[in-house]
Structures are given as C-alpha cells and as structure tokens.
Amino acid sequence: MWICSVECCQNASVRVTGDCFICGRHLCYKHVAPTFHTCPDLDDEKDYYPAYMQADQKEIEMISKKINYAALESHARDLRLGISCHAITLPLDRKTQYEVIGGMNVHIKVQFEDGVTWLARIRRTNATSPPPVVRDYIFRSEIATLRFLEKLNIPSPRIHGYALEGDVGNEVGVGYMFIEELPGTPLCWGDLTHGQTRKIVAQMADMAIEVSKHPMDSIGALHLPSPGTIGPIAREELCDLVNGNLRTLGPFTSMQDYWATYLQSILAQILDRQLYTLHPIDAYLIHRFLLDLVPQVWTAEKEPCYLKHADDKGSHILIDASANITGIIDWEWALFAPASFALNSPKALFHIQDFFAGETALSSSESYFVECLEGEGRADLAKVVREGKQSLFFDFCCAFDGRTDWEGWMGVFKGLRKCVGVDDGLNWDEWKQITLKRYENDDGVKQLLARGALTD
Ligand SMILES: [Zn+2]
Ligand SMILES: [Zn+2]
C-alpha cells in the first residue's frame with residue numbers, strides 16, 4: 001500500500017506492523033527491524049504508552065490547525081438554508097477528548113441556533129491511515145451506505161452533506177461529512193441488568209430481520225455516485241495502490257469467489273513481505289489451509305446479499321437509560337454478503353473468552369438471539385446463527401493479528417478445525433509438521449523455506 005519511508009528504499013512497507021503510529025513512518029520488512037527502527041513497541045508498555053499519547057496529541061493538534069472552522073460553519077449554514085450555527089473546536093485536553101475523538105475519526109459538533117446538532121465526521125490522519133486515494137474511496141462508500149440505511153427501519157445517522165479533502169471549493173482544509181448526532185451512549189454489557197441485556201438482544205434480532213428485508217445481488221460495497229449498485233469491497237485489506245493507481249477487489253458473485261480471491265491476495269502479500277513478516281511460514285500455512293477449506297465452508301452459489309456492519313463488537317450500538325437502541329453508528333467498511341456471513345452472530349453477542357478459545361457452543365446471548373429470531377417466525381435466520389460457528393471461525397482465522405494475540409489465533413483455528421472435522425485435535429507443532437509436508441510442493445512454501453525466514 002505504502003512505499004517504505006526510509007530514503008532511497010523502494011520496498012513496499014509492511015501492512016499494519018510497518019505503519020508506526022509513534023514516528024509516523026511506513027517501514028518495509030528490512031527497516032521495521034529493531035536495528036533500524038527504535039520506537040518502543042507494544043511489548044514495552046512503560047515506554048510505548050507515553051510515546052503513543054504524545055503522538056496522538058500531536059496528530060489532534062495538527063488536524064485542529066488544518067480545519068477552517070468558519071468555512072465548516074458556512075457550509076453547514078448553507079445546507080440548512082441560512083440557519084446560523086457554531087462549530088465547537090476540537091478539545092485539545094485529554095479529559096474531554098474521548099467524547100469526540102475515536103480511533104478512526106474525530107467529530108466536531110456543529111450546533112444550530114434552533115437546537116439541532118450535527119457532527120462533522122473527519123478521518124484521522126496518521127501512519128495507520130490508508131493513503132488519501134484509498135481513504136476517500138472508503139469515505140465515499142460510507143456515505144453511500146448511510147444513504148442506503150435511510151430506507152431501513154434502523155436508527156442510523158442521517159447524512160446532510162460532505163466534501164472530500166481535494167474537492168474544488170472545499171475551503172475547510174480536510175474531508176468531512178455532516179451527520180446527525182444521535183442520542184445515547186455506547187453499549188457496555190457490564191453496565192446492564194439481565195433484563196436490559198435481553199431487551200437489547202431482542203432489538204438486535206429485530207434489526208437483523210429488518211436488514212434481511214433489503215437484499216442486494218452481489219458481494220461488495222456501495223459507492224457514490226450510484227448507491228443503488230454494488231461495487232468493489234471498500235476496505236484497506238482488499239485495496240492496493242500500484243504506481244498511484246487504486247486496485248480493488250470485487251464485487252463477487254459467491255462466497256467461494258470472495259474467499260478464494262481474498263486468501264490469494266493475502267498469500268501473495270505474505271510472499272511479497274507485506275504481511276506477517278515476523279512469522280511468514282506459520283501465516284502462509286494457515287491461509288493456504290484456509291484456501292483449501294473454502295469449498296467445504298462456503299457455497300459457490302449466487303445468494304442474496306445483506307448489509308454487514310464491519311465492526312459489530314458492541315460500541316457501534318448506542319442505547320438510552322431504558323435500554324432502547326437509539327443508534328447504530330460507524331459504518332465505514334460495511335459490505336454486502338450472503339446471510340451466512342452478514343446475518344451470522346454479531347461479535348457483540350460472543351462470549352469473548354470462549355470464542356477465542358475455540359468453543360463451538362453458542363453463548364447465552366447468542367442463544368437468546370436465536371430464540372428471538374424464532375419467536376419472530378424467522379427460523380431461517382435462527383439457523384444461520386445456530387450453525388454459524390464454522391463460518392465465524394473461518395472468518396476470524398483469516399488475516400488475524402497473530403503478533404498481538406497468537407493464543408487467540410490458535411483458539412479460533414482450533415475451533416475451525418473442530419467444526420470442519422479436518423486436523424481436529426492436533427496441537428500447533430503437530431499440525432505445522434503435517435502441513436509443511438502436505439504443502440511441500442507449493443511454490444509459496446518452497447519460496448519461504450528457501451528464504452530461511454528468520455523467526456519460524
Ligand atoms: Zn516508529
Ligand atoms: Zn525500507
């Protein structure tokens with residue numbers, strides 16, 4: 001995606017682990033090594049967090065300096081035909097930042113004199129952000145998704161206007177979209193009673209049913225200017241920049257088509273030293289194995305496709321004090337996919353420890369979710385969730401961040417092998433030995449072994 005930031009180095013930088021939030025550089029497999037790159041990493045908590053906070057503060061100050069608040073207010077006022085408004089500048093002190101600064105976006109509140117509040121949603125810009133052309137591609141897809149959601153009976157932010165950073169006439173200095181501010185606070189299960197939890201799960205089931213009433217015809221994402229048709233997937237992992245030109249994947253006609261293409265792209269990036277540079281052979285073997293499992297886990301048939309939130313772990317749900325869902329937010333990276341993927345159990349319902357230990361039984365929240373779907377006469381959707389662990393484990397095994405959580409990767413990989421009944425019960429060393437033999441004639445395996453990967 002990026003080229004290495006080190007002068008005269010033309011290597012592709014390593015995705016994710018080569019993007020250093022602290023020094024702001026993109027580093028290739030050579031220059032990300034500790035002999036060249038000396039920023040503290042996650043294993044070094046004492047030095048990492050202060051350095052991280054400092055870089056974070058610097059980035060927010062930079063964004064705030066770039067924003068022309070008067071131009072932002074002027075655009076908002078024009079959109080509301082002259083109702084005057086005031087944009088609240090980004091707070092620079094840490095105590096108040098958490099409300100408006102997320103991991104991906106910052107929000108500037110725009111308050112109108114008639115009491116209406118909008119948010120100007122602005123992408124953060126740091127070494128972990130994609131290049132501008134990819135960022136804008138994903139931004140525009142999010143806008144198209146929000147427009148699609150207006151047709152659905154799901155509380156999502158209405159979009160009132162937008163401008164990309166490079167748009168002619170955009171004097172604000174950054175790209176932004178104006179969205180409605182929704183009431184409520186992010187869902188946190190730990191704060192809720194049993195009754196409130198069940199009330200929310202029941203509403204989530206209603207929303208899954210609502211989504212199921214709005215199918216599209218292929219796997220991919222929505223885009224501007226024609227939000228009625230499905231185009232390529234709008235996610236960094238499935239995008240690339242080649243000589244400045246955006247390369248995307250999709251749309252796809254079947255899940256077999258989607259997974260085979262995605263896995264082949266991951267395998268190619270491992271060989272190209274853009275992914276898993278610390279344990280390339282382990283990662284290659286897992287993804288190579290997943291590629292062989294595709295026909296067993298996913299269908300080759302064309303199926304109706306439904307909207308899937310890309311990060312449905314719970315904080316995307318806003319609730320009020322009476323446990324009513326007041327909003328579903330953060331729609332970047334959303335895609336359309338068949339029910340087996342899009343209408344499977346949301347992450348918010350997982351028993352996290354059990355899931356990442358490879359437990360194949362439903363969590364208590366998932367069981368209640370299934371009960372609600374059945375109660376609404378949707379045995380078809382209940383079946384998707386009840387039989388959904390195999391596809392969830394498959395999905396999580398793919399592109400897992402094994403560096404930060406190797407145990408978790410091994411857990412979901414164990415769960416997958418149990419579900420599909422292939423190599424079930426083998427420990428990692430046994431599996432790796434058998435699999436190296438199984439793929440000894442695979443060109444990629446031969447290439448990696450010949451390269452003598454350092455840490456495998
Ligand atoms: Zn660094
Ligand atoms: Zn380099």
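In every chain, residue numbers begin from 1 and rise along the written sequence. Written order determines the labels here, with chains lettered from A and ligands numbered from 1. For a predicted model such as this one, the threshold for reporting local features is a pLDDT of at least 70, and the threshold for listing and counting side-chain atom pairs is 80 or more; totals across whole chains, interfaces and linings nevertheless cover every residue. Neither water nor hydrogens contribute to the side-chain values; these are computed over all heavy atoms in the structure.

A closer look at the side chain of glutamate 73
And then number 1: Put simply, DSSP marks the helices as runs of H or I at least four residues long and the strands as runs of E at least two long, and each gets a number from the N terminus on. Tracing the backbone through its elements, the reader meets glutamate 73 in helix α2 (residues 69-79).
And then number 2: For the buried glutamate 73, which has no salt bridge, the nearest side chain bearing the opposite charge is arginine 77, at an N-O separation of 5.4 Å.
And then number 3: Residues in contact with glutamate 73, not counting those within four places in the same chain, are Cys85, His86 and Ala87. Partly exposed describes any residue whose relative accessible area lies between the buried limit of under 20% and the exposed limit of over 50%, with all areas from a 1.4 Å probe on protein chains only and scaled to the type maximum. Counting rule for charge: Lys and Arg are taken as positive, Asp and Glu as negative, and neither His nor the chain ends is counted. Think of a salt bridge as a Lys or Arg side-chain nitrogen and an Asp or Glu carboxyl oxygen that are within 4 Å of each other. Contact criterion: two residues are considered in contact whenever any of their non-hydrogen atoms come within 4.5 Å of each other.

Examining the coordination of the zinc ion (ligand 2)
And then number 1: The protein atoms that coordinate the zinc ion (ligand 2) are Cys4 (SG), Cys9 (SG), Cys28 (SG) and His31 (ND1), at distances spanning 2.1 to 2.4 Å.
And then number 2: Metal donors were taken as nitrogen, oxygen and sulfur atoms no farther than 2.8 Å from the ion, or 3.2 Å where the ion is Na, K or Ca. Water is excluded, so coordination may look unfinished. The rule is simple: four donors are tetrahedral if all their angles sit between 85 and 135 degrees, four are square planar and six octahedral if opposite donors span more than 155 degrees and the others lie between 65 and 115, and anything that fits none of that is irregular. In this structure, the zinc ion (ligand 2) is surrounded by 4 donor atoms whose angles at the metal cover 102 to 116°, and the resulting shape is tetrahedral.

Remarks on the coordination of the zinc ion (ligand 1)
Tetrahedral metal sites with four donors have an ideal angle of 109.5 degrees; octahedral sites with six donors have ideal angles of 90 or 180 degrees.
And then number 1: The coordination sphere of the zinc ion (ligand 1) contains the protein donors Cys20 (SG), Cys23 (SG), His37 (NE2) and Cys39 (SG), at a distance range of 2.0 to 2.3 Å.
And then number 2: Of note, the zinc ion (ligand 1) draws all its donor residues from one chain, in the sequence arrangement C-x2-C-x13-H-x1-C. Of this pair, cysteine 20 sits in the segment before α1 (45-66) while cysteine 39 is found in the segment before α1, placing the two residues 19 residues apart along the sequence.

Section: the sheet that holds strand β2 (residues 105-112)
And then number 1: The strand order across the open sheet built from 5 strands is β1-β2-β3-β5-β4, with neighbouring strands paired in antiparallel fashion. The sheet is open, and its two borders are formed by β1 (85-87) and β4 (159-163), each paired with just one other strand. Direction aside, neighbouring strands of the sheet carry axes that sit 25° apart on average.
And then number 2: Lying over the sheet, α2 contacts β1, β2, β3 (117-123), β4 and β5 (176-180), oriented at roughly 145° with respect to β1. In this analysis, strands are considered paired if DSSP registers two or more bridges between them. Axis lines are fitted through C-alpha atoms, for helices just across the contact stretch, and the angle between N-to-C directions can take any value from 0 to 180 degrees.

Here's the deal with the side chain of serine 64
And then number 1: Within the secondary structure layout, serine 64 lies in helix α1.
And then number 2: With relative accessibility at 14%, the residue serine 64 sits in the buried group.
And then number 3: With residues up to four places along the chain from it excluded, the contact list for serine 64 reads Tyr69, Leu90 and Leu92.

Some words on the domain arrangement of the protein chain
And then number 1: Each domain's extent is set by a domain assignment, obtained either automatically or from a database. Under the domain assignment, the protein chain is made up of domain 1 (66-184) and domain 2 (189-451).
And then number 2: Placing the centre of domain 1 and that of domain 2 at their C-alpha centroids yields a distance of 29 Å.
And then number 3: Roughly 2,700 Å² is buried in total at the junction of domain 1 and domain 2, and carbon and sulfur atoms are behind 74% of that figure.
And then number 4: Pairing of N or O atoms within 3.5 Å defines a polar contact, subject to two protein rules: one partner must be a possible hydrogen donor and the other a possible acceptor, and residues neighboring in sequence count only if both atoms are side-chain atoms. The interface formed by domain 1 and domain 2 holds 7 residue pairs in polar contact (both at pLDDT 80 or more) in total.
And then number 5: Contributing elements (two or more residues each) for the side of domain 1 that touches domain 2: β3 and α4 (132-149).
And then number 6: Ranked by the residues each element gives to the side of domain 1 that touches domain 2, the list is headed by α4, at 14 residues.
And then number 7: When the residues that make up the side of domain 1 that touches domain 2 are grouped by side-chain class, the tally is 19 nonpolar, 6 polar and 6 charged. Once two parts are put together, the accessible area they lose, assessed with a 1.4 Å probe and summed over both, is termed the buried area. Following the grouping adopted for this structure description, the nonpolar residues are Ala, Val, Leu, Ile, Met, Phe, Trp, Tyr, Cys and Pro, the charged ones are Asp, Glu, Lys and Arg, and the polar ones are all others, Gly among them.

Concerning helix α15 (residues 443-451)
And then number 1: Among all positions in α15, only Gly444, Val445 and Leu448 are buried. For α15, the arc enclosing every buried residue in end-on projection is 100°, short of the 170-degree limit, so these residues lie on one face. In this structure, α15 carries Asp443 and Ala450 as exposed residues pointing more than 90 degrees from its buried face.
And then number 2: Against α6 (255-271), α7 (280-297) and α14 (428-438) lie the buried residues of α15.
And then number 3: Two to three positions downstream of the cap, the backbone nitrogen of glycine 444 sits 2.8 Å from a side-chain oxygen, assigning the N-cap of α15 to aspartate 442.
And then number 4: Downstream of α15 by a residue or two, glycine 452 has a phi angle that is positive, lying close to 60°. The reported arc concerns the directions from the helix axis to the C-beta atoms and nothing else.

Some details on the pattern of salt bridges
And then number 1: According to the stated counting rule, one finds 27 salt bridges in the structure shown.
And then number 2: Between arginine 15 and aspartate 240 there is a salt bridge, and its shortest N-O distance comes to 3.2 Å. One end of the pair, arginine 15, is in the segment before α1; the other, aspartate 240, is in strand β9 (residues 239-242), with 225 residues separating them in the sequence. The burial state of arginine 15 is the same as that of aspartate 240; both residues are buried.
And then number 3: Where lysine 109 meets glutamate 181, a salt bridge forms, and the shortest distance between an N and an O atom there is 2.8 Å. Taken together, the residues span a long stretch of sequence, with lysine 109 in strand β2 and glutamate 181 in the loop between β5 and β6 (185-186) at a distance of 72 residues.
And then number 4: Judged by its relative accessible area of 29%, glutamate 181 falls in the partly exposed class.
And then number 5: Via salt bridges that share partners, Arg121, Arg123, Glu142, Asp330 and Glu332 belong to a single interconnected network.

A closer look at the nonpolar core
And then number 1: If you look at the biggest cluster of nonpolar residues, it comprises 102 residues, and the most contacted ones within it are Tyr258, Trp259, Phe369, Phe394 and Trp409.
And then number 2: In terms of domain composition, this core takes at least three residues from each of domain 1 (66-184) and domain 2 (189-451).
And then number 3: Here, nonpolar core refers to any group of buried Ala, Val, Leu, Ile, Met, Phe, Trp, Tyr and Cys residues whose side-chain atoms link them within 4.5 Å. Listed in part, the 24 residues of the second largest apolar core include Tyr69, Ala71, Ala76 and Val174.

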